[in-house]
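Observations on chain architecture
One letter stands for each residue in the lines below.
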Amino acid sequence: MMLIKPSLIAGSERRFKQAEFSPDALNRKLGDGPIELTAEKIRQRQRQLLAETQDVQAAEIGLERILQGNDLDSINYLAKGTAASRSVCRIQLRDLKSNLLGYGSGFLIGPGLLLTNHHVFGRPADAANSIADFNYELDVSGQERVPVRFGFEPGKFFYTNDRLDFSIVAVAPTSLSGHEELEDWGWLPLSGAPGKADPGEYLTIIQHPSGQMKQVCVRENKMLKYVGDFLWYNTDTTAGSSGSPAFNRFWQVVALHHSGVPRKDGQGRTLTKDGKVWKPSMDESSIDWIANEGIRISAIVADLKVAVGSHPLIRPVLDEEEPPVRDEVAKVRPPASAPPAFGANAWVEQSLDGTSLVVPIRVPLPMFRTEIPMPPLPPVPGPAGGNGRAPNGGMQNGSKPLIAPPAGLLPHISAKNGLPMEAVHIDQSTLKSRPGYKANFLGTGKFAVPLPKIPAALRSHIAMLKGSSKQSELKYFNYSVVMNKARKLAFFSCVNIDGGEQQDVGKREGDSWLRDPRIDDDAQIGDEFYRKQATFEADRSKNPFDRGHLVRRLDATWGDTVAAAKQHGDDSFHFTNCSPQFFSFNQGKQLWAGLEDYTRDVLLEGEEKGIVMNGPVFDGPDADGSDLPNPAGRPHKDPSFGGVQIPKYFWKILIRRNEDDDALKAAAFLMSQRKQVMEIDRIQEADLLERMSEEDVSVFQVSAADLAKLTKLDFGNLADADSHEATSVGPRRIESYEDIRI
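Residues numbered from 1 in each chain as written. Predicted model: local features only at pLDDT ≥ 70, side-chain atom pairs only at ≥ 80, totals over all residues. Heavy atoms only, no water.

**Observations concerning the overall build of the protein**
Per the secondary structure count, the protein includes 17 helices and 29 strands. For the protein, with 742 residues in total, the buried portion stands at 55%. Considering only contacts within the protein whose residues lie at least 6 apart along the sequence, 72% involve residues at least 24 apart. Of the roughly 32,000 Å² of accessible surface on the protein, 51% is carried by carbon and sulfur atoms. (Helix = DSSP H or I, 4+ residues; strand = E, 2+ residues; numbered from the N terminus. Buried < 20%, exposed > 50% of the residue type's maximum accessible area, 1.4 Å probe, protein only. Contact = heavy atoms within 4.5 Å. Areas by Shrake-Rupley, 256 points an atom, 1.4 Å probe, with all protein chains shown as cover.)

**Description of the environment of Ser175**
Along the chain, the position of Ser175 falls in the loop between β7 (166-170) and β8 (202-207). Expressed as a C-alpha distance, the spacing of Ser175 and Asp133, which sit 42 residues apart in the sequence, is 9.8 Å. Among the polar contacts listed, one links the side chain of Ser175 to the backbone nitrogen of His179, at a separation of 3.5 Å. (Polar contact = N/O pair within 3.5 Å; in protein donor to acceptor, adjacent residues only side chain to side chain.)

**As for helix α7 (residues 297-308)**
With 12 residues, α7 extends 16 Å between its outermost C-alpha atoms, agreeing within 8% with the 16 Å of an ideal straight helix rising 1.5 Å per residue. The buried fraction of α7 is high, at nine of 12 residues. Burial in α7 covers these residues: Ile297, Ser298, Ala299, Ile300, Val301, Asp303, Leu304, Ala307 and Val308. (Expected span 1.5 Å × (residues − 1).)

**Brief notes about the sheet that holds strand β5 (residues 148-151)**
What the seven strands build is an open sheet, ordered β5-β4-β1-β2-β3-β7-β6; its pairing is antiparallel. Both edges of this open sheet fall to β5 and β6 (158-161), since each of them pairs with a single strand only. On average, each strand axis in the sheet is tilted by 30 degrees relative to the strand beside it, whichever way the strands run. Relative to β7, β6 runs antiparallel, the two being bridged by four bridges. The residue of β7 that forms the bridge with Tyr159 is Ile168. Sitting on the sheet, α7 touches β3 (113-116), β6 and β7, and the angle it makes with β6 is about 125 degrees. (Pairing = 2+ DSSP bridges. Axes fitted to C-alpha atoms, helices over the stretch in contact; angles between N-to-C directions.)

**As for the confidence of the model for the protein**
Fine structural detail should not be taken from predicted coordinates in areas where pLDDT scores are low. Looking at the protein, the pLDDT average stands at 76 and 67% of residues meet or exceed 70. Between residues 362-421, whose pLDDT stays under 50, and residues either more than four places distant or in other chains, the model counts 149 contacts. Note that pLDDT drops below 50 for residues 533-539; the model gives that stretch 12 contacts with residues more than four away or on any other chain. (pLDDT = per-residue confidence, 0-100.)

**As for the environment of Trp251**
Tracing the chain through its elements places Trp251 in the loop between β11 (245-247) and β12 (253-262). With residues up to four places along the chain from it excluded, the contact list for Trp251 reads Tyr77, Lys80, Gly81, Ala84, Thr204 and Ile206.

**Describing the packing of aromatic side chains**
When we look at a pair of aromatic rings, we describe it by the centre distance and by the angle of the planes. Summed over all chains, the structure comprises 12 aromatic pairs. Their ring planes at 65 degrees and their centres at 5.2 Å tell us that Trp513 and Phe573 sit as a pair that is edge-to-face. Of the two residues, Trp513 sits in the loop between β20 (508-509) and α9 (527-530) while Phe573 sits in the loop between α11 (562-570) and β22 (578-582), which places them 60 residues apart along the sequence. A network of ring pairs unites the aromatic residues Phe134, Phe150 and Trp185 as a single cluster. One Lys or Arg, Arg15, reaches over the ring of Phe230 and ends 3.9 Å from the middle of that ring. (Phe/Tyr/Trp six-rings, centres within 6.5 Å; stacked < 30°, edge-to-face > 60°. Lys NZ or Arg CZ within 6 Å of the ring centre and 35° of its normal.)

**Some details on the pairing of strand β4 (residues 131-134)**
Side chains of β4 alternate between two faces, with Ile131 and Asp133 and Ala132 and Phe134 buried alike. As paired strands, strand β1 (residues 88-94) and β4 are joined by three bridges and run antiparallel to one another. Each residue of the ladder has a partner; that of Gln92, found in β4, is Ile131. Across four bridges, β4 lies against β5 in antiparallel orientation. Of the residues in β5, the one forming a bridge with Ile131 is Gly151.

**Considerations on the pattern of salt bridges**
Within the structure shown, the criterion is met by 20 salt bridges. In this structure, the salt-bridge partner of Arg515 is Asp521, at a minimum N-O distance of 4.0 Å. Taking the shortest distance from any N to any O, the salt bridge between Arg518 and Asp516 comes out at 2.9 Å. By sharing partners, the salt bridges in this structure join Arg487, Asp619, Asp638 and Lys648 into a single network. (Salt bridge = Lys/Arg side-chain N within 4 Å of Asp/Glu carboxyl O.)

**Re the sheet that holds strand β26 (residues 649-658)**
Sheet architecture is open: eight strands sit in the order β17-β18-β19-β23-β26-β27-β28-β29, paired in antiparallel fashion. Each edge of the sheet is formed by a strand with only one pairing partner; in this case those strands are β17 (474-475) and β29 (732-733). Here strand β27 (residues 663-672) pairs with strand β28 (residues 698-702) via five bridges, running antiparallel. In the strand pairing of β28, Met671 is matched with Val699. The strands touched by helix α15 (residues 704-711) within the sheet are β23 (609-617), β26, β27 and β28, with β27 carrying the most contacts at an inclination of about 50 degrees.

**Structural notes on the nonpolar core**
The biggest cluster of nonpolar side chains holds 49 residues, and the ones touching the most others in it are Phe492, Met613, Trp651, Ile653 and Ile655. Of all elements in the fold, only β19 (489-498), α9, β23, β26, β27, β28, α15 and α16 (718-721) reach the threshold of two or more residues within this core. One finds Phe166, Ile300, Ile314 and Val317 within the second-largest nonpolar core, a separate group that totals 31 residues. (Core = buried A, V, L, I, M, F, W, Y, C linked by side-chain atoms within 4.5 Å.)

**Regarding the side chain of Gln502**
Its place among the elements puts Gln502 in the loop between β19 and β20. Residue classification places Gln502 among the buried positions, given a relative accessible area of 9%. Within polar-contact distance, the side chain of Gln502 engages the backbone oxygen of Leu554 at 2.6 Å.

**Topic: the pairing of strand β18 (residues 479-484)**
Counting buried positions over the six residues of β18 gives six, a clear majority of the element. Along β18, one buried face is formed by Tyr479, Val481 and Met483 and the opposite face, lined by Ser480, Val482 and Asn484, is buried too. Across two bridges, the pairing between β17 and β18 is antiparallel. If you follow Lys475 over to β18, its bridge partner there is Ser480. Turn length for the β17-β18 hairpin, with the two strands adjacent in sequence and antiparallel, is three residues, and the turn residue Asn478 shows positive phi of about 75 degrees. Hairpin remark: β18 followed by β19, antiparallel, with four residues in the connecting loop; positive phi at Lys488, about 65 degrees.

**A short note on helix α1 (residues 6-19)**
If you check α1, its first and last C-alpha atoms are 20 Å apart, about what 14 residues at 1.5 Å a residue would give, namely 20 Å. Taking burial as the measure, the 14 residues of α1 include 10 buried ones, the bulk of the element.

**What to know about unusual backbone geometry**
Phi angles above zero are rare outside glycine, and Glu320 is one such case at about 55 degrees. Relative to the helices and strands, Glu320 is located in the loop between α8 (315-318) and β14 (347-351). For Lys712, which is not glycine, the phi dihedral falls at a positive 65 degrees. One can find Lys712 in the loop between α15 and α16.

As structure tokens, then:
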């Protein structure tokens, strides 16, 4: 089964209402006769068909059949559909203990990459132990084919977009049995051209409904309407079809199926097919859908171009690279009457090289923590292959990879090597010797960047070190923090980043956060707030906030040796360097996290040094219905959840030294999550996640001077180093990396 979030359905309903149409009425109006298209639209479809078929006569025949609503097609239509279906697979959703959680569908879109929904794989961890089942279908004689199973490699590549509800993840090149190559299943090229189908045309959907064997719904899926990035159609798709491809009559993928609009009773409750009230604990296959919604492939391709267009694994997708032509390998199952001599999980595979009995085994390995920093373990192939590097390949907490790392810069470390991973370890006995943030990191004199100064009016809120009335700077490896004891959060956290000494320390083993004993416990938020949520807890309404780094582990992970770099990165796991973050990373938050990735990648490639300062805005002015507050506005109290005030805004300053003009360059940014949290203390628990998930955060590039007004902090010479090109005309909304000016 596949459980679908109520917030996802709510989003579909909201867009459906905005589109203003009745599926039944529009279906009757469109009928099955000629389709009316404008002259420009006809020319557009003609160009598309010619590019697809490379045959003038075939393009003309195809266009005529579209316009006339003619269902006739060449007999090779079925063969083409069979070929397209090879790239569609069933997804077994499995947790860290390999327990089966549900099913979804997905399909290959390029060499080693699979596309599915964000609500199937919302983060790399969701894919880490899941399995892709290819060939899970009946053959021409009605016999079950032998499924060929592949693992996922989210550490190699993982990208997700919450708003468009899609995720792309790398798939292991070799099957779990070791006998099959992924490229044998080809892939479905994605065309970024809009208008590959028009209202009135029929779509074909290949799917694994409710985890069943592969099925096809042919010419029963009339496209009704499209608006913006989404389209609606009548179809028979059901649960497990999340992540299925919707094709036009030429077997081009036009949409990614993801949700729908359910039938409701007079009280607004979602109904099942038998007329009962549907509950979120039920499978989505039981819902009585009145219209289904898909994400347009043109919108997905457009997003990929902006977000990860330079990544080497994405380039073949954007270039619409054709899959190689491969000879199929025959597979047979044991006869149904044969006794289960090998157990339920064993099967026979027959290839040109002979016959093999495949018996999967599970070998439990003890996991342990070490007190001694160790160099990263070399990659060892495992069931799912892959690697555990987060930057640009697969990022934690569902964040996006931004730009491709420079070729050959950092080696990959296997995340699924079957051996113990490095545990987060912090030796607090040496806290007093931590060097902390260095103001002269970029140089002395005009290049010095001191910590922000806190005004006299707020000094009573500063958390001082125990036994000191003057010392407030909490020094760690490569970064420093100053705490606001009234809010139990940092005033700011500032980190030095050295691109020339960045080290790959592999993947960490979970999160292990510690309080800092140098300040009072009641001056910092700890597990008394965060422990209310569990990693795989389905109901996050008890606490929808995760532990969010201010200074990120990757930024602090540099040093002379791998062991030193790991020690420095682990030091970021102090609650003083933590802030509550809504667990579902939507598009705006991914972009916010991506600002630092963007800068870090630039520093890594040039082996340069840089500085990142960040923190919350406490009781910032209300934006009065907009996203951006007036820097000179009156303070407005932040809302509370679980006894903790949640900031409406966060700020970030990126600083580097420009060798061209030998000057400091700084860029200041503000993230507004006002729409998500403003009424969190007044939202009923049952509606909490739905209301918060519906809203997106906004990111702006602002002037350092405006940031100083909002935070009441003194940033010294950074106002002179500000990128005035970007902020001279006022704040700029950041919607892609191309909008950043540093």
